[in-house]
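Observations on the three-dimensional arrangement
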Amino acid sequence: SLEVLYTTPSFYERIKCCDISKDFHQVVCGSTDGYILIFSLSNQTFLRTIKLDKGKKPQFIMITKSWGFIFSVLTEISDAKKKTYLAVWTINGDFIKIQEIEQEITKITTWRSKSGFDYFLFSTPKYDIIAGEVFTLETFFTSKVSDEVISLGYDYDLENAIVLSKDGIVWFIPCAAPPPEF
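Definitions and limits used
- Residues numbered from 1 in each chain as written.
- Predicted model: local features only at pLDDT ≥ 70, side-chain atom pairs only at ≥ 80, totals over all residues.
- Heavy atoms only, no water.
- Pairing = 2+ DSSP bridges.
- Helix = DSSP H or I, 4+ residues; strand = E, 2+ residues; numbered from the N terminus.
- Axes fitted to C-alpha atoms, helices over the stretch in contact; angles between N-to-C directions.
- Salt bridge = Lys/Arg side-chain N within 4 Å of Asp/Glu carboxyl O.
- Buried < 20%, exposed > 50% of the residue type's maximum accessible area, 1.4 Å probe, protein only.
- Phe/Tyr/Trp six-rings, centres within 6.5 Å; stacked < 30°, edge-to-face > 60°.
- Lys NZ or Arg CZ within 6 Å of the ring centre and 35° of its normal.
- Contact = heavy atoms within 4.5 Å.
- Polar contact = N/O pair within 3.5 Å; in protein donor to acceptor, adjacent residues only side chain to side chain.

**A look at the sheet that holds strand β12 (residues 139-144)**
- The four strands are arranged β9-β10-β11-β12 in an open sheet whose pairing can be described as antiparallel. Only two strands of the sheet have a single neighbouring strand rather than two, namely β9 (107-112) and β12. Direction aside, the axes of adjacent strands within the sheet are offset by 15 degrees on average.
- Inspection of the sheet shows strand β10 (residues 118-123) paired to strand β11 (residues 128-133) by five bridges, in the antiparallel sense. Considered in β11, the bridge of Y119 is made with E133.

Next up, the structure:
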């Protein structure tokens, strides 16, 4: 039988997206009313609540593997047009950066490079595959597949984006992170 150890109410609207980090002992959730909630698994309490700018709502949210950044895709309807943003915070919820992007995002993942930095990889409705660095939100790679992306991943050892498209093709696309600039 399943025994519940503890529960905690969020007191916000429905949860749209969520990620759990065993490395950083935290859960991060995005709510449909425009909040990001940071919960400590160690203390079993909410650490911080982030109120997004009016109209912005989280669609995807992740805690990165290397630095523990909270990385989110936000959307907003403005002047009858849907806008998409990438946003990043520290693991403690301190704001770092937000950037509007031209693409809508259908799937997204993050990975840790061999040099220890955090990167993102996402797909678009136009079958584009785009990669970039989480901290700077700058992209460094673009490719395209033949059909809608249904699954997206990254192979650390091969440094390949792995994409499964709706037409049944599994794509292994070389996508090594650029070397750090020191």
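**Describing the pattern of salt bridges**
- Taken as a whole and judged by the stated rule, the model has five salt bridges.
- A salt bridge links D94 to R48, with the shortest nitrogen-to-oxygen separation between them at 2.7 Å. With D94 in the loop between β7 (81-89) and β8 (95-101) and R48 in strand β4 (residues 45-51), this residue pair connects regions lying 46 residues apart in the sequence.
- The class of D94 is partly exposed, set by a relative accessible area of 37%.
- E148 is the salt-bridge partner of K166, the closest N and O atoms lying 3.6 Å from each other. On the criterion of sequence distance, the pair formed by K166 in the loop between β14 (160-165) and β15 (170-174) and E148 in the loop between β12 and β13 (149-155) is long-range, its members being 18 residues apart.
- Residue classification places E148 among the partly exposed residues on the basis of a relative accessible area of 38%.

**Examining the packing of aromatic side chains**
- Under the counting rule described, the total for this entry stands at eight aromatic pairs.
- Judged by centre distance (5.2 Å) and plane angle (75 degrees), the ring pair of F39 and F46 falls under edge-to-face.
- By way of ring pairs, the aromatic residues W111, Y119, F140 and Y154 are connected into one cluster.
- It is K51 that lies over the ring of Y35; its NZ or CZ is 4.9 Å from the centre.
- In this structure, K114 packs its charged tip against the face of Y156, placed 5.7 Å from the ring centre.

**Details of the pairing of β7**
- By the bridge criterion, nine bridges tie strand β6 (residues 70-78) to β7 in an arrangement that is antiparallel. Considered in β7, the bridge of I70 is made with W89.
- The turn linking β6 back onto β7 is made up of two residues, and D79 within it adopts a positive phi angle of 55 degrees.
- Pairing of β7 with β8, which is carried by six bridges, proceeds in the antiparallel orientation. Its bridge partner lying in β8, W89 is registered against F95.

**Brief notes about the environment of D19**
- Mapped onto the elements, D19 comes out in strand β1 (residues 15-21).
- Along the primary structure D19 and I129 are separated by 110 residues, whereas in three dimensions their C-alpha atoms are 22 Å apart.
- Those residues within four positions of D19 in sequence are excluded, and the remaining contacts are Q26, V27, V28, I61, M62 and I63.
- Among the polar contacts listed, one links the side chain of D19 to the backbone nitrogen of I63, at a separation of 2.7 Å.

Honestly, it's all geometry; don't read function into it.
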